[in-house]
Amino acid sequence: MISSAYIHIPFCNNICSYCDFSKIYYDSTIVNKYLNELKQDIESTYNNELLKTIYIGGGTPSSLNIKELKELFNILSILKKDNDYEYTIECNFDSITKEKLDLFKQVGINRISFGLESINKDNLSFLERSLAITKVKEIIKYCKTIELSNINVDLMYALPNETLNVLEKDIDFIIDLDIPHISTYSLIIEDHTKLSINDTKPIDEELDEKMYKLICDKLTEYNHYEISNFAKKGYESKHNLVYWHNEEYYGFGLSAAGYIENTRYTKTRSITKYLDSNYINSKSIEYLTTKDKIEYEVLLNLRLKEGINLNKFNTKYNNPLSKYYNYNKLIEKGLLIEKDNHLYIPENLWYISNNIIVQLLMEVI
Ligand code: SF4
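Residues numbered from 1 in each chain as written. Predicted model: local features only at pLDDT ≥ 70, side-chain atom pairs only at ≥ 80, totals over all residues. Heavy atoms only, no water.

### Quick word on helix H1 (residues 28–45)
Structurally, the α-helix is built with 3.6 residues per turn, so residues lying three or four positions apart point the same way. Test applied: Helix and strand definitions follow DSSP, with helices as H or I runs of at least four residues and strands as E runs of at least two, each counted in order from the N terminus. Here, expected helix span is obtained from the residue count minus one, scaled by 1.5 Å. Each residue gets one of three labels from its accessible area relative to the maximum for its type: buried under 20%, exposed over 50%, partly exposed in between, using a 1.4 Å probe on protein chains only. In what follows, a contact means two residues having at least one pair of non-hydrogen atoms within 4.5 Å. As used in this structure description, the phrase polar contact means that two N or O atoms lie within 3.5 Å; if the pair is within protein, one of them must be able to donate a hydrogen and the other to accept it, and residues adjacent in sequence are counted only when both atoms belong to side chains.
With 18 residues, H1 should cover 26 Å at 1.5 Å per step; its first-to-last C-alpha distance of 26 Å lies within 8% of that length. Within the sequence span of H1, burial applies to Val31, Tyr34, Leu35, Glu37, Leu38, Asp41 and Ile42. Its buried side turned inward, H1 meets strand S1 (4–9), strand S2 (11–12), helix H2 (66–76), strand S11 (250–252) and helix H10 (271–275). At the N-terminal boundary of H1, the capping side chain belongs to Asp27, with an oxygen 2.9 Å from the backbone nitrogen of Thr29.

### Let's talk about the domain arrangement of the chain
Quick reminder of the rule: For every domain, the bounds stem from an assignment made automatically or drawn from a database. Buried area, as used here, totals the accessible surface that two parts lose on assembly, with accessibility defined by a 1.4 Å probe and the loss added over both. Definition used for salt bridges: Asp or Glu carboxyl oxygen within 4 Å of a side-chain nitrogen of Lys or Arg. Under the scheme applied here, ten amino acids are nonpolar (Ala, Val, Leu, Ile, Met, Phe, Trp, Tyr, Cys and Pro), four are charged (Asp, Glu, Lys and Arg), and all others, including Gly, are polar.
In terms of domain boundaries, the chain breaks down into domain 1 (4–243) and domain 2 (302–365). Each of domain 1 and domain 2 was reduced to a C-alpha centroid, and the two centroids are 30 Å apart. Between domain 1 and domain 2, the contact holds 11 residues from the first and 8 residues from the second. For the pair domain 1 and domain 2, the summed buried area comes to about 960 Å², and 57% of that belongs to carbon and sulfur atoms. For domain 1, the biggest contributors to the area lost against domain 2 are His224, Glu226 and Ile227; these three give 49% of the whole. Our enumeration of links across domain 1 and domain 2 arrives at 1 salt bridge. A salt bridge links Arg303 to Glu226; its shortest N-O distance comes to 2.5 Å. Where domain 1 meets domain 2, there are 8 residue pairs in polar contact (both at pLDDT 80 or more). Secondary-structure elements contributing two or more residues to the side of domain 1 that touches domain 2 are helix H8 (205–218) and strand S9 (223–226). By residue class, the composition of the side of domain 1 that touches domain 2 is 4 nonpolar, 3 polar and 4 charged.

### Details of the packing of H1 against H2
Rules: Lines fitted to the C-alpha atoms define the axes, with helices restricted to the stretch that makes contact. Angles between their N-to-C directions range from 0 to 180 degrees. Oblique is the label for any angle not under 35 degrees, not over 145, and not in the 65 to 115 range, which are roughly parallel, roughly antiparallel and roughly perpendicular in turn.
The N-to-C vectors of H1 and H2 enclose an angle of 5°; their axes lie 10 Å apart at closest approach. The orientation of H1 with respect to H2, classified from their angle, is roughly parallel. For the pair H1 and H2, contact is made by Ser28, Val31, Leu35, Leu38, Lys39 and Ile42 and by Glu68, Glu71, Leu72, Ile75 and Leu76, respectively. Its residues assigned to classes, the contact of H1 with H2 shows 7 nonpolar, 1 polar and 3 charged.

Given below as structure tokens:
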């Protein structure tokens, strides 16, 4: 049963040097066409389910002006919300305004995710992002005043020339803002980004690990509930937990990914194709066997502190996990722990979690 939806708004006022997301420069003529297509996209697939989580991501959804945002929310009003729903929108500090925040509050948005990344001037210039610290403080204060206090900020680290000291200042700034959720990202130099074209090299792995550990050590007041995510109690992202629990969700909009029944799909990344009403034919589809679904279950669940809930796994797949993977071998090596019907990676090994997950997936029976 689908109870979540992701909506992609691809417009940005500025293109960052590291960005691999599907995005285009804001253009009001294209926004109007895009919103029309998005409406058809939703109406052609959505089956009136009650949704527990809705996530508007991008791109930069806050780059839309008030009129366009009103039109967007008008389109999204077709989505029925369950009790206790989570409704998130991604924003950038340079395009958000108090008027937009008031509108979010009015339409039921109850979680905001801000791209902050860093407050260090050199880092920002490297990332080709702008940020006014006074505005950040003013906006966060205003969010809290209007009771939009379920806030995430993104923090990026492991930038060339970044020191532990610079990172520590970024973390302290976020802690001082009293933000209840922090998502952290180690810089990855993706193909076809400006960084990759400029042949930027990643930082030394040893320093990357030290930075990850610094983040973990500084954020002990938070629940480190996923490898890269930290939340004050009760502020864990319900929408992202849908992904990590390998549950189904709709994906609407350019390049949006979805998971429905036995298929995972990704819509086209071409704005021209998306704006063509035949776009539905241009999405890539992965048909999943039970084995594929279990593989996704394992690799997504193991990103979480709680790991794999073995009882739930048994109920979902009518068989215990031990029927599919010989995980005892990894327990013996100290790479996994089985406790209270959960199988998880010990926190001190999270930095090498990808390696552990690959080892487990090779222990297929
Ligand atoms: S604002 Fe976000 S989506 Fe837009 S270019 Fe920068 S990183 Fe990419």
